[in-house]
Amino acid sequence: MRLEPDSTAVVVVDMQNDFCHPDGALYAPGSEGAIEPIAAFVDDARDAGVQVVFTRDVHPPEQFEGAHFYDEFEQWGEHVVEGSWGAEIVEELPVRAGDHVVEKHTYDAFQRTELEGWLNARGIRNLLFTGTLANVCVLHSAGSAGLRDFRPILVEDCIGHLEDAHKEYALEHADWLFGEVASAGDVTFA
């Protein structure tokens, strides 16, 4: 898979301490295991001039007060609370000058964020999704990208998960319904 650097971005979804560090509130070993492959993939992309976008899932402590149906704290317990260590991106994936950071408050990186406009303003159409969790924020963000007529590509060896079956489902669903799946080694930039 050969992609034009100027029209491509790597999207690093929610690689935060609460999800990727053993002391995190929602730690998943599969998310920690994705750190090294993502770091290598991001380095290669940066070297080729590809834009890198980080998403941060952040919840103000009062976000779900009065919620009727959508309450992540009820579903998962408190996690990535605004201003906490858990909400910080893991130190192994440093945000660099020129990277773009999107703060989101739901599973979907496009929901009530500036991401779509930011990508459109730069002519970016190809989105290489990495990060965590495969069947939650990665799947919802990639699906939302597809609905907005971006080309979502899930980089299978750079995606964290709670269970292998969750990752397998997310990749199969994305490939069948709205996007593509590739391994990091299959992606080149030129």
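See the structure above.
In short, a report on the structure. What you are looking at is a predicted structure, and each value in this text was computed from that prediction instead of being measured. Each residue is numbered by its place in its chain's sequence as written, counting from 1. Totals for whole chains, interfaces and linings use all residues, but because this is a predicted model, local features are given only for residues with pLDDT of at least 70 and pairs of side-chain atoms are given and counted only at 80 or more. Hydrogens and waters are ignored; side-chain quantities use all the structure's heavy atoms.

Moving on, we come to helix α3 (residues 35-47). Strands are runs of DSSP state E lasting at least two residues, helices are runs of H or I lasting at least four, and both sets are numbered from the N terminus onward. One less than the number of residues in a helix, times 1.5 Å, gives the span that helix is expected to have. Spanning 13 residues, α3 covers 18 Å between terminal C-alpha atoms, matching the ideal 18 Å at 1.5 Å per step. Any residue under 20% of the maximum accessible area for its type is buried, any over 50% is exposed, and the rest in between are partly exposed; the area is computed with a 1.4 Å probe on protein chains only. Among all positions in α3, only Ile-35, Ile-38, Ala-39, Phe-41, Val-42, Ala-45 and Arg-46 are buried. Looking one or two places after α3, you find Gly-49, whose phi comes out positive at around 90°.

In this section: the sheet that holds strand β4 (residues 100-104). As summarised here, the arrangement of the six strands in space is β4-β3-β2-β5-β6-β7, forming an open sheet in which the pairing is parallel. Strands with a single pairing partner mark the edges of an open sheet, and in this sheet they are β4 and β7 (180-182). Neighbour-to-neighbour, the strand axes of the sheet open up by a mean angle of 25°, direction not taken into account. Only strands that DSSP links by at least two bridges are regarded as paired with each other. With five bridges connecting them, strand β3 (residues 51-57) and β4 associate as parallel partners. The partner of Asp-57 across the bridge, within β4, is Lys-104. Should any heavy atoms of two residues lie within 4.5 Å, those residues are counted as being in contact. Working convention: axes come from line fits to C-alpha atoms, limited for helices to the stretch in contact. Angles between N-to-C directions cover 0 to 180 degrees. Against the sheet, helix α7 (residues 164-177) makes contact with β6 (151-159) and β7, and its axis sits at roughly 160° relative to β6, the strand it touches most.

Right, let's get into the pairing of strand β5 (residues 126-131). The element β5 is extensively covered by neighbouring structure, given that six of its six residues are classed as buried. On β5, burial covers both faces: Asn-126, Leu-128 and Thr-130 on one face and Leu-127, Phe-129 and Gly-131 on the other are all buried. Judged from the six bridges that link them, strand β2 (residues 8-13) and β5 form a sheet pairing that is parallel. Counted as the bridge partner of Val-11 is Phe-129 from β5. Strand direction decides the pairing type here: β5 and β6, joined by five bridges, are parallel. Bridge pairing links Asn-126 to Arg-151 in β6. The path from the first strand over the helix to the second decides the hand: if it runs clockwise while the strands point away from the viewer, the crossover is right-handed. Once you follow β5 into helix α6 (residues 134-147) and on to β6, the crossover reads as right-handed.

This part takes up the packing of aromatic side chains. Think of it this way: a Phe, Tyr or Trp ring, Trp meaning its six-membered ring, pairs with another when their centres are within 6.5 Å, and the plane angle makes it stacked under 30 degrees, edge-to-face over 60, tilted otherwise. One pass over the full model with this rule turns up five aromatic pairs. Seen in terms of ring centroids, Phe-41 and Phe-189 are 6.4 Å apart; in terms of plane orientation they differ by 50°. Their pairing is tilted. Within this pair, whereas Phe-41 is found in helix α3, its partner Phe-189 is found in strand β8 (residues 188-189), the two being separated by 148 residues in sequence. Using a relative accessible area of 3% as the deciding quantity, one classes Phe-41 as buried.

A few words now on the side chain of Lys-167. Looking at the secondary structure, you find Lys-167 in helix α7. His is not counted here, nor are the chain ends, while Lys and Arg score as positive and Asp and Glu score as negative. Salt bridges, as used here, are contacts in which a Lys or Arg side-chain nitrogen is within 4 Å of a carboxyl oxygen on Asp or Glu. No salt bridge is formed by the buried Lys-167. Its closest oppositely charged neighbour is Glu-156, at 6.6 Å. Ignoring sequence-local partners within four residues, the contact set of Lys-167 consists of Ala-134, Glu-156, Asp-157, Ile-159 and His-161.

Let's shift gears to a negative patch on the surface. Any residue with relative accessible area above 30% and no salt bridge may belong to a patch, with like charges joined within 9 Å and the nonpolar Val, Leu, Ile, Met, Phe, Trp and Tyr side chains within 5 Å. Only the protein chains shown count as covering a residue, and every accessible area follows the Shrake-Rupley method with a 1.4 Å probe. Where a charge sits is defined by one atom per residue type, namely NZ (Lys), CZ (Arg), CG (Asp) or CD (Glu). A cluster of acidic side chains, namely Glu-163, Asp-164, Glu-168, Glu-172 and Asp-175, defines a negative patch on the protein surface. In this fold, Asp-175 is placed in helix α7.

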